[in-house]
Amino acid sequence: MELLLPFLAAVLIATGVYLVLSKTMIRLIIGLSMLAYGANLSILLAGSGTELAAPPLLTVEGPYVDPLPQALILTAIVIGFGTTALLMVLAVRAYQAAGTDHVQELLDHPDLLPPEGVYADPEHPSVSPEIGPDTNNINADEGAASNGAESKAEEEKA
Amino acid sequence: MSASFLLLAAVLTPFGAAILAPFLGSSLKARAGLLLALAFAPALALLTQLGPALAEEPLSATLAWVPAIGLEIALRADGFSLMFALIVAGIGFLVMAYATAYLGAQERHGRFYSYLLIFGGAMLGLVLADNLIALFAFWELTSISSFLLIGFWDSRKASQDGAVKALLVTAFGGLALLVAVILLILAGGSTQLSLLDIESIRQSAYFIPAVTLLLLAAFSKSAQLPFHLWLPTAMEAPTPVSAYLHSATMVKAGLVLVAKFGWLFADTAFASIILYVGLLTLFWGAYLALRQQDLKALLAYSTVSQLGLIMSLYGAGYPLAATAHLLNQATFKAALFMVVGIIDHETGSRNLSRLSGLWRKLPLTFALALPAALSMAGLPPFGGFVSKELFYEDMLYKGWLPITLAVTGSIITFAYSFKFLSVFFGPLRSENPKVHEASLSFWWPVLPLSLAALLFGIYPLTLSWFTNLAAPGLGFEAEPLKLYKGLNLALILSVLTWVLGLALYLLRTRFIAWQQALTPSWNANTVFYALSAGLERLAQGLTKRTQGASFATHLRLIWLPFALAGLAVGGWFLPAKLTPVSLSFAVAALMILAGSLGVLLARSRLSALLFMGLAGFSSVLLFVLLRAPDLALTQLLIEAVTVILFLSVFRYLPVLKRHHRRRSVAIFDIILSLGVGTTVFAALLAVQTPIGERIKDYFLEFSEELAGGSNVVNVILVDFRGYDTMGEITVLALVGFSVYALLRLRARASSGKIEEERPDDD
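Bear in mind that the values here come from a model prediction, so they are computed numbers and not experimental data. (Residues numbered from 1 in each chain as written. Chains lettered and ligands numbered in written order. Predicted model: local features only at pLDDT ≥ 70, side-chain atom pairs only at ≥ 80, totals over all residues. Heavy atoms only, no water.)

Counting its secondary structure elements, chain A contains 4 helices and 0 strands. Counting helices and strands in the order they occur from the N terminus, chain A gives α-α-α-α. Residues classed as buried in chain A amount to 59% of the 158 residues present. Looking at chain A alone, contacts between residues at least 24 apart form 46% of all its contacts between residues at least 6 apart. (Helix = DSSP H or I, 4+ residues; strand = E, 2+ residues; numbered from the N terminus. Buried < 20%, exposed > 50% of the residue type's maximum accessible area, 1.4 Å probe, protein only. Contact = heavy atoms within 4.5 Å.)

Here is the structure:
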């Protein structure tokens, strides 16, 4: 017992570590779950040891095991699920958008780079979409200020 | 109906309608605006509460918010607040009606009206709030709704940029306001604006920082130099929004702040600061407005300029003239923006160099624009003349520099007002050959505003009626306004303004050419972009320096020392005596080993998930064996939910491809994971002999007595550590929202590459 339970926690954590270092998104997520299993077990072992007393329910006879690690783990389990759920859905979306499940490729994806700035021009607000293409750009006979960075993507809206 | 109920209803009804708007918008489309505009009815009904009693005792209402810490939404309508609330509600009503004609059939009507109503409610709350914290909250809410409305056409880069810029500048002001409000509460000894102790604030060491921050907030919201940069680019918003938020109401929030805190600045150096910032803004805004070719840009710079005028008057302590001009500006500017919307709609352009002679085709629009534009120019018999005369009279007291700035600014104002009107004169030119007059639903909302611009001039007592209302609130003498007060210096200056303004209008081509030549290569905009680009570069550089390596490499670096520590101490802590392993533990152990191995070797998505589940269920078993029934139950539940989640997204998951690591990397990772495992193992052995007292006895002893529960784990979660659990619930709620949003995105992205990539193993 004294060796077996720490060993199991260590196995779960080692598995988790190896998977988290993977390049595949799903294996990374599964690795995080394995790490969580290992961590929860470790906290329980570190908190209440391996001695077997009664569960912390005051309706039964004591002595009781330490309730505090159990409370901490309960929170951790629920939060862990939240993390996994979010990551899973995010992975699916990222895969659909970027077409890859390679962790580093996702990070380097061009869509994630900050966009080249298209700025609003204070002197030439864009034309409302239902009114049609912006005609400011063609020419301006009264020598107005040049039409700086008018967005070309105005018709996108339609 | 009691007054305080009406006051609460005035603020809360628009918010309620904002919730309804998406539903009405999807069924009634644009016409929903007419129905939703009724949300302003309670605010307009405040008219019934006017009377002589108001001067003695302002209306008030209180809604408990967080009573435990003295937070409440206290509303207090003195005459000034009430007058402004009437402007907000009245113009809000007209703008909603106008938007029904303005918005195309394809727009997202529900969303538009919802944002507009949130703004309306927030603005009413802002002017009526008496509690300083609530004032700040409403202030921020107007900034946020302004952001949403400027970026309403959110696929356009220019709209995104304009919205972000407006939010950055006004939110900066909002933060300043927060600090100012806290300082005022500390120094003034109350959270109620009406109960602040003026003398102790003035004596306090907080006085200067509080007032400075308050002014920063007011200047950034009301687009005073050098914060004016956000207003012109806010014109990326749909035109009804420009008419409502960015000329008539929201940009006046800064003025309201300065007006309400007038007693704080009076007779201090701050009054002169406000005066000169306002006058410089008046001049600079007008100077820039004159050279604009886009009608909306012209009105935007003109708004900056007019806000400067009103700001200078409030700052210098002339609330009568300021309030009169505030009213004039709200009516004529909203009307002019709506006229631009009509021109834009009917001709397809707002470019002054391509439009002229429109009065032939749009006679009605011209008739509506004329009083508004002439009021802006300051010509009799329109409202603008009355307040501009007051402005001159007051500035004459202030010395030669203020009056020079005032007259110069007004000359340019006169010139650009005529430039605006020039779209209607001359030979007919238009992009659209088949221009025709706007429909009734388009022009009727402009009518009351244009009539007001005329009425305020020919019958100034109507304007006085409003200023008299505001008088007790701002503490000035109510006096009737007059159109003609005899020949005085102000009138002579006005005539001078018209003459020089007309000359400037006629010579405008040369003046603008001269302006272009003088334009420096930098301005507030370039400084703003340089600063924001600099910040972005700094952040990117810092990230690159500190986190340049790949995600996995970072983890390797973090785990390496951890692994080395474990490898070094190895079996140091092996216990002396060992107890035998019972059979149930052996089963759990085998399941965990199988699960771990299976996950590592799995070749398909399904088997990987199944093996993970195996490890999960074996930890349920371990929890049971280790006397943790609550954990076992929770884990069991979570495992079940996880399986459901995985199965629901399963068909969208990528096929489990193996992106193989290089052999050397794989060997390193194996050694690293074994090292981390060893460290955990060693650490768990080490802590088996407790080194200190445990705190479990406290929980076990007091669980029943203090919290009345016998399941100690549950008691810790919901009572002893209740705040932690609240945080946890918040996190889960956020995750829930994010998952929902992500799944909705997927449902909407229905075309292109995404479809092809879906595996079809349904």
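This brings us to the interface of chain A and chain B. Chain A puts 106 residues into the contact, and the matching count from chain B is 134 residues. Summed over both sides, the interface of chain A with chain B buries roughly 11,400 Å², with 69% coming from carbon and sulfur. Taken together, the connections running from chain A to chain B amount to 0 salt bridges. Summed over the shared surface of chain A and chain B, the result is 7 residue pairs in polar contact (both at pLDDT 80 or more). Of all the secondary structure elements, the ones that give two or more residues to the side of chain A that touches chain B are helix H1 (4–20), helix H2 (25–48), helix H3 (67–98) and helix H4 (103–107) of chain A. Counting residues per element, the side of chain A that touches chain B draws most heavily on H3(A), at 24 residues. (Buried area = accessible area lost by both parts, 1.4 Å probe. Salt bridge = Lys/Arg side-chain N within 4 Å of Asp/Glu carboxyl O. Polar contact = N/O pair within 3.5 Å; in protein donor to acceptor, adjacent residues only side chain to side chain.)

Here the focus is the packing of aromatic side chains. Residue and element names in this part refer to chain B. Applying the stated criterion to the full structure yields 28 aromatic pairs over all chains. The interplanar angle of 15 degrees and the centroid separation of 5.0 Å between the aromatic rings of Trp284 and Tyr287 together place this pair among those described as stacked. Here Trp284 and its partner Tyr287 are both found in helix H15 (residues 269–290), 3 residues apart, which amounts to about one turn of the helix. On the basis of an interplanar angle of 55 degrees and a centroid distance of 5.9 Å, the ring pair of Phe418 and Tyr505 is categorised as tilted. Taken together, the positions of Phe418 in helix H20 (residues 400–421) and Tyr505 in helix H24 (residues 489–506) put the pair 87 residues apart, joining distant regions of the chain. Since its relative accessible area comes to 13%, Tyr505 is described here as buried. The structure contains a cluster of three or more aromatic residues connected by ring pairs, namely Phe283, Trp284, Tyr287, Phe511 and Trp514. (Phe/Tyr/Trp six-rings, centres within 6.5 Å; stacked < 30°, edge-to-face > 60°.)

Residues and elements named next belong to chain B. Buried residues dominate strand E2 (residues 71–77), accounting for 5 of its 7 residues. As paired strands, strand E1 (residues 59–66) and E2 are joined by 7 bridges and run antiparallel to one another. Across the sheet, the residue bridging to Leu63 is Ile73, located in E2. (Pairing = 2+ DSSP bridges.)

Next up on the list: the environment of B:Arg556. Along the chain, the position of B:Arg556 falls in helix H27 (residues 551–569). Exposure remark for B:Arg556: the relative accessible area of 15% places this residue in the buried category. Counting along the chain gives 117 residues from B:Arg556 to B:Ser673, while the straight-line C-alpha distance between them is 9.5 Å. Look past the residues within four positions of B:Arg556 in its chain and what remains in contact with it is A:Leu21, B:Arg661, B:Val665, B:Phe668, B:Asp669 and B:Leu672. Reaching out from B:Arg556, the side chain makes a polar contact with the side chain of B:Asp669 at a distance of 2.7 Å.

On to helix H8 (residues 157–188) of chain B. In this model H8(B) runs 45 Å from its N-terminal to its C-terminal C-alpha over 32 residues, within 8% of the 46 Å that 1.5 Å per residue would give. Downstream of H8(B) by a residue or two, B:Gly189 has a phi angle that is positive, lying close to 75 degrees. (Expected span 1.5 Å × (residues − 1).)

The share of residues in chain B with pLDDT of 70 or more is 96%, and the mean pLDDT across the chain is 87. Low pLDDT (under 50) marks residues 750–762 of chain B, which in the prediction has 17 contacts with non-local residues, meaning those over four places away or in another chain. (pLDDT = per-residue confidence, 0-100.)

What follows is about the packing of helix H5 (residues 79–102) of chain B against helix H12 (residues 239–248) of chain B. Residue and element names in this part refer to chain B. At a closest axis distance of 8 Å, the pairing of H5 and H12 adopts a crossing angle of 165 degrees. Regarding the angle of H5 to H12, the classification is roughly antiparallel. The crossing of H5 and H12 is right-handed. In this structure, H5 uses Val88, Ile91, Gly92, Val95, Tyr98, Ala99 and Tyr102 to contact H12, whose residues at the interface are Thr239, Pro240, Tyr244 and Ala248. Of the residues in the contact of H5 with H12, the class split is 9 nonpolar, 2 polar and no charged. (Axes fitted to C-alpha atoms, helices over the stretch in contact; angles between N-to-C directions. Parallel < 35°, antiparallel > 145°, perpendicular 65-115°, else oblique. Left-handed = near helix turned anticlockwise from the far one by under 90°. Nonpolar A, V, L, I, M, F, W, Y, C, P; charged D, E, K, R; others polar.)

On to the environment of B:Ser27. All names here are of chain B. Residue position: Ser27 is located in helix H1 (residues 3–28). Classification of Ser27 as exposed rests on a relative accessible area of 52%. With 276 residues separating them along the chain, Ser27 and Thr303 place their C-alpha atoms 36 Å apart. Within the local environment of Ser27, its side chain forms a polar contact with the backbone oxygen of Phe23, the two atoms lying 3.3 Å apart.

With that settled, the discussion passes to unusual backbone geometry. Residues and elements named next belong to chain B. In this structure, the amide linkage connecting Leu225 to the following residue, Pro226, adopts the cis form with an omega of -5 degrees. Phi at Ala223 takes a positive value of approximately 55 degrees, unusual for a residue other than glycine. Here Ala223 lies in the loop between helix H10 (207–221) and helix H11 (230–233). The phi angle at Asp267 is positive, at roughly 60 degrees, despite the residue not being glycine.

A few words now on empty space enclosed by the protein. The full count for this structure, using the stated rule, is 6 cavities of 30 Å³ or more. Of the voids in this model, the largest cavity is the one considered here, and its volume is about 150 Å³. If you trace the largest cavity, you find 14 residues lining it, with A:Tyr37, A:Gly80, A:Phe81, A:Thr84 and B:Ile638 closest to the centre. At the level of secondary structure, the elements contributing two or more residues to the lining of the largest cavity comprise H2 and H3 of chain A together with helix H30 (629–650) of chain B. Residue contributions to the lining of the largest cavity peak at 5 residues, all from H3(A). A class-by-class count of the residues in the lining of the largest cavity yields 7 nonpolar, 6 polar and 1 charged. There is about 50 Å³ of room inside the second largest cavity. Taken together, B:Phe385, B:Glu389, B:Glu393, B:Lys482, B:Leu483, B:Tyr484, B:Lys485, B:Gly486, B:Asn488 and B:Leu491 make up the full set of residues lining the second largest cavity. Residues of the lining of the second largest cavity, tallied by class, amount to 4 nonpolar, 2 polar and 4 charged. (1 Å grid on protein atoms, 1.4 Å probe; cavity = no way out; pocket = protein on both sides within 12 Å on 5 of 7 lines; lining within 4 Å. Points joined across faces, edges and corners; volume = space filled by probe spheres on them.)

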